[in-house]
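Per-entry structural report
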Amino acid sequence: MIEDILKDADERMDKTLRALRSELSKIRTGRAHPSLLEHINVTYYGSQVPMNQAANISVLDARTLGVAPWDKNMVGVIEKAILNSDLGLNPVTTGSVMRVPLPALTEERRKELTRVVRSEVEKARVAIRNIRRDANHHLKEMLKEKMITEDEDRREEDKIQKMTDAHIRDIDEILKDKESEIMEI
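These lines cover the structure that appears in this document, whether it is placed above or below. Please read these numbers as outputs of a predicted model, since none were measured by experiment.

Some thoughts on the overall build of the chain
Within the chain one finds 5 helices and 6 strands. Along the chain, helices (α) and strands (β) appear in the sequence α-α-β-β-β-β-α-β-β-α-α when read from the amino end. The C-alpha radius of gyration of the chain comes to 22 Å, more than 25% above the 16 Å expected for a compact globule of 185 residues. Along the three orthogonal principal directions, the C-alpha set of the chain runs to about 70 × 40 × 20 Å. Relative to its 185 residues, the chain shows a buried fraction of 39%. In the form shown here, the chain has an accessible surface area of approximately 10,900 Å², with 49% of it arising from carbon and sulfur atoms. Averaging the locations of the 32 positively and 35 negatively charged side chains of the chain gives two centres separated by 4 Å.

Structure, rendered in structure tokens:
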């Protein structure tokens, strides 16, 4: 039973880290990366789908993405979706292929992106702490039901705290890497 609580807490903390990495990959740095456009939804034959299900997104060079719709009729729809997104990108259409140049980041925009990154990281830290609280609560319930002793409770709480500390260190590393990525020119 205790192993289940620890395993569940560890899996949930790992999911939080994966979710944080996913969110941070959407935050634009100076480099082109296909994940910048993947979360944009387009209307494809009457339904909203992510862009990567309606077109091939590729990196043409360090500052340019290429978007090749699978259906030539989708060029205008995809172009409009990119223009209307909050990314501030202006695609250039040449036939059925779009080039999406990424403008250089200004110092002000870099600082703004750093604030956004710190906000996402803080949400992840709070989620990790909530998972720790839930796991400790389950242990306290087991102690109340006399399923475990006080010594076992303390020992397992220490394990949960060490697990939490390790995941928080991972989050701090992710933050450091992303901030340096944003601030490099």
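A closer look at the sheet that holds strand β5 (residues 92-94)
Paired through backbone hydrogen bonds, the strands of a sheet run either parallel or antiparallel to each other. Across the sheet, which stays open at both edges, the 4 strands sit in the order β3-β4-β6-β5 with antiparallel pairing between neighbours. Two strands lie at the open edges of the sheet, namely β3 (55-61) and β5, each paired on one side alone. Taken pair by pair, the neighbouring strands of this sheet meet at an average axis angle of 25°, ignoring direction. Taken together, the 4 bridges between strand β4 (residues 64-69) and strand β6 (residues 97-101) define a ladder with antiparallel strand orientation. When the bridges of β6 are listed, Thr 64 appears paired with Pro 101. In the packing of helix α3 (residues 75-84) onto the sheet, contacts are made with β3, β4, β5 and β6, and the angle to β6 comes to roughly 10°.

Concerning helix α4 (residues 107-144)
In this model, α4 (38 residues) spans 55 Å end to end at C-alpha, consistent with the 56 Å of a helix rising 1.5 Å per residue. Lys 146 occupies a position one or two residues after α4 and carries a positive phi of about 60°.

Some words on the nonpolar core
Leu 20, Val 117 and Ile 171 are the most contacted members of the largest nonpolar core, which has 27 residues in total. Sorting elements by how many residues they give to this core places α4 first, with 9 residues. Among residues more than four places away in sequence, those in contact with Leu 20 are Glu 120, Val 121, Ala 124, Ile 171 and Ile 174. Listed in part, the 22 residues of the second largest apolar core include Ile 40, Met 51, Met 74 and Val 75.

A closer look at the packing of α4 against helix α5 (residues 150-183)
Put simply, α4 and α5 touch, their axes get as near as 10 Å, and they point 170° apart. As far as their axial angle goes, α5 and α4 are roughly antiparallel. Broken down by class, the residue content of the contact of α4 with α5 amounts to 14 nonpolar, 5 polar and 14 charged.

Examining the side chain of Glu 120
If you trace the backbone, Glu 120 turns up in helix α4. Filtering out sequence-adjacent residues up to four positions away, Glu 120 remains in contact with Leu 20, Glu 23 and Leu 24.

Some points on the side chain of Glu 179
Its location among the elements puts Glu 179 in helix α5. When its relative accessible area of 16% is taken as the criterion, Glu 179 is described as buried. For Glu 179, the contacting residues outside a window of four places in its chain are Thr 114 and Arg 118.

Topic: the environment of Asp 158
Of note, Asp 158 is situated in helix α5. Taking the C-alpha atoms as reference points, Asp 158 and Val 75, 83 residues apart in sequence, are found 56 Å from one another.

Rules used in this analysis
Residues numbered from 1 in each chain as written. Predicted model: local features only at pLDDT ≥ 70, side-chain atom pairs only at ≥ 80, totals over all residues. Heavy atoms only, no water. Helix = DSSP H or I, 4+ residues; strand = E, 2+ residues; numbered from the N terminus. Rg over C-alpha atoms; globule rule 2.2 N^0.38 Å. Buried < 20%, exposed > 50% of the residue type's maximum accessible area, 1.4 Å probe, protein only. Areas by Shrake-Rupley, 256 points an atom, 1.4 Å probe, with all protein chains shown as cover. Lys, Arg positive; Asp, Glu negative; His and termini not counted. Charge placed at Lys NZ, Arg CZ, Asp CG, Glu CD. Pairing = 2+ DSSP bridges. Axes fitted to C-alpha atoms, helices over the stretch in contact; angles between N-to-C directions. Contact = heavy atoms within 4.5 Å. Expected span 1.5 Å × (residues − 1). Core = buried A, V, L, I, M, F, W, Y, C linked by side-chain atoms within 4.5 Å. Parallel < 35°, antiparallel > 145°, perpendicular 65-115°, else oblique. Nonpolar A, V, L, I, M, F, W, Y, C, P; charged D, E, K, R; others polar.

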